[in-house]
Amino acid sequence: RLTQGFAARYEDAPLCALPAKLSVSELTHGDTPPVLARPAFLYKEGLTAAERGTALHAALQFMDF
C-alpha cells in the first residue's frame, strides 16, 4: 500500500514546476543569466580584494582539514 502511494501520479504535475511568485527581475530578464564578467580594463591589475576573498572562502569551503 505504501508503494502504491509513492507511485501515484498527480494529474496536474506540470503545474507544480511553476513558481508561485516571481520577482520583477525574473519577469523582465526571464531565463537569461546575468552577465558577471568584469570589463576588460579591470583585468590589467589582477583580482580585486572582494574577488580574492571570495576565492579564498570558496577554497576553504572545499578543503579537507
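Scoring rules and cut-offs
Residues numbered from 1 in each chain as written. Predicted model: local features only at pLDDT ≥ 70, side-chain atom pairs only at ≥ 80, totals over all residues. Heavy atoms only, no water. Helix = DSSP H or I, 4+ residues; strand = E, 2+ residues; numbered from the N terminus. Buried < 20%, exposed > 50% of the residue type's maximum accessible area, 1.4 Å probe, protein only. Areas by Shrake-Rupley, 256 points an atom, 1.4 Å probe, with all protein chains shown as cover. Patch = residues over 30% accessible without salt bridge, like charges linked within 9 Å, V, L, I, M, F, W, Y side chains within 5 Å. Salt bridge = Lys/Arg side-chain N within 4 Å of Asp/Glu carboxyl O. pLDDT = per-residue confidence, 0-100.

**Some thoughts on the overall build of the chain**
Okay, so step 1: Scanning the chain from terminus to terminus reveals four helices and zero strands.
Okay, so step 2: Counting from the amino terminus, helix and strand elements in the chain follow one another as α-α-α-α.
Okay, so step 3: Split into buried and exposed, the 65 residues of the chain put 2% on the buried side.
Okay, so step 4: Carbon and sulfur atoms make up 63% of the accessible area of the chain, which amounts to about 6800 Å² in all.

**Topic: a nonpolar patch on the surface**
Okay, so step 1: Together, Leu-56, Leu-60, Met-63 and Phe-65 give the surface a local cluster of nonpolar side chains, amounting to about 470 Å² of exposed area.
Okay, so step 2: Look at Leu-60 and you get partly exposed, because its relative accessible area is 39%.

**A few points about the confidence of the model for the chain**
Okay, so step 1: The share of residues in the chain with pLDDT of 70 or more is 80%, and the mean pLDDT across the chain is 79.
Okay, so step 2: Averaged over each element, pLDDT in the chain is lowest for helix 3 (residues 24-29) (74) and highest for helix 4 (residues 49-62) (88).

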